[in-house]
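So you can see what is in the structure, the chains are spelled out below.
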Amino acid sequence: VLALRSGAYDYLLKPFEDLELVTTAVARAVEKGLLVRERDALVEALAMKNRELSEINAFLAERANRDGLTGLYNHRYFQEAFARETALCERHGRDLSLIFGDVDHFKRFNDNRGHQAGDMALFKIAAILQKCIRISDVVARYGGEEFVVLLPDTTKEDARVVAEKIRAAIESHPFPGGENQPGGKLTISVGLSSFPEDGREPDALIQGADSALYAAKSSGRNVIRTHG
């Protein structure tokens, strides 16, 4: 029993007077060895399939969170991330800022250059946004030509520096057809709000940033305005 528990396939009693018993025991051992190898191979194949399935599921989950045109996070993911971050700020007393940007006169750009050129411009703006932020920040396409950037552990003053970096990078980029825009460039207007001075809930912060964006649009565009 101890030998079997230690991994022995079978046993024979001495003396080995019946060679058929020996042959049968050896055949059983070989068969069991083959079965064990087949089992191990199946287990490994199953583990590989499970890894592949996990990778596929992770890929699909990531794709579900992304905007199809720009590759940025989509509106739904942004709302979920915003809710998590505000809860963390409330619990730990951390700073949080929100950048709300809208491409200036984008309808005019689409009318002059066509929607395909407009899509290419949005794609490039998304790339510029990603270059201007940290890994810990969340940038998303809010809808149409509107973009949002969530900046954890960032005061309003520091967020304004990031917003200016974004505004200047877009203004200086040579978008094809940008010379036909007002001012001769494709630009973006930006509104800012921060936790907790402008609100403690996502809706209040979005409304604050949106109001600041409206002020930026009303004061000539291609500028940054803060709420409050």
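Conventions we followed
- Residues numbered from 1 in each chain as written.
- Predicted model: local features only at pLDDT ≥ 70, side-chain atom pairs only at ≥ 80, totals over all residues.
- Heavy atoms only, no water.
- Phe/Tyr/Trp six-rings, centres within 6.5 Å; stacked < 30°, edge-to-face > 60°.
- Helix = DSSP H or I, 4+ residues; strand = E, 2+ residues; numbered from the N terminus.
- Buried < 20%, exposed > 50% of the residue type's maximum accessible area, 1.4 Å probe, protein only.
- Lys NZ or Arg CZ within 6 Å of the ring centre and 35° of its normal.
- Pairing = 2+ DSSP bridges.
- Right-handed = clockwise from strand over helix to strand, strands pointing away.
- Polar contact = N/O pair within 3.5 Å; in protein donor to acceptor, adjacent residues only side chain to side chain.

This model, assessed by the stated rule, comprises five aromatic pairs. Relative to Phe 82, the ring of Phe 78 has its centre 5.3 Å away and its plane inclined at 35°; by these criteria the two rings are tilted. Note that Phe 78 and Phe 82 are positioned in helix α3 (residues 75-92) at a spacing of four residues, about one turn of the helix. Given the relative accessible area of 0%, Phe 78 is considered buried. Ring centres of Phe 100 and Tyr 142 lie 5.0 Å apart, and the angle between their planes is 65°; on these two criteria the pair is classed as edge-to-face. With Phe 100 in strand β1 (residues 96-103) and Tyr 142 in strand β2 (residues 138-143), the pair connects residues that are 42 residues apart, well separated along the chain. Just as Phe 100 is buried, Tyr 142 falls in that class too. Through pairs of rings, three or more aromatic residues link up here, namely Phe 78, Phe 82, Phe 100 and Tyr 142. One Lys or Arg, Arg 66, reaches over the ring of Tyr 73 and ends 3.9 Å from the middle of that ring.

Within strand β4 (residues 188-195), eight of the eight residues are buried, leaving the element largely enclosed by the surrounding structure. A two-sided burial pattern is seen for β4, the buried positions comprising Ile 188, Val 190, Leu 192 and Ser 194 on one face and Ser 189, Gly 191, Ser 193 and Phe 195 on the other. Pairing analysis gives eight bridges linking β1 to β4, with the strands arranged antiparallel. Paired with Leu 98 across the bridge in β4 is Ser 193. Pairing geometry for β4 and strand β5 (residues 224-226), over three bridges, is parallel. Looking across to β5, one finds that Gly 191 is bridged to Arg 225. The parallel pair β4 and β5, bridged by helix α7 (residues 202-218), forms a crossover whose chirality is left-handed.

What follows deals with the environment of Ser 172. Relative to the elements of secondary structure, Ser 172 occurs in helix α6 (residues 156-172). By relative accessible area, which is 56% here, Ser 172 ends up exposed. Separated by 33 residues in sequence, Ser 172 and Leu 205 have C-alpha atoms that sit 29 Å apart. Within the structure, the side chain of Ser 172 is placed 3.2 Å from the backbone oxygen of Ala 169, a separation counted as a polar contact.

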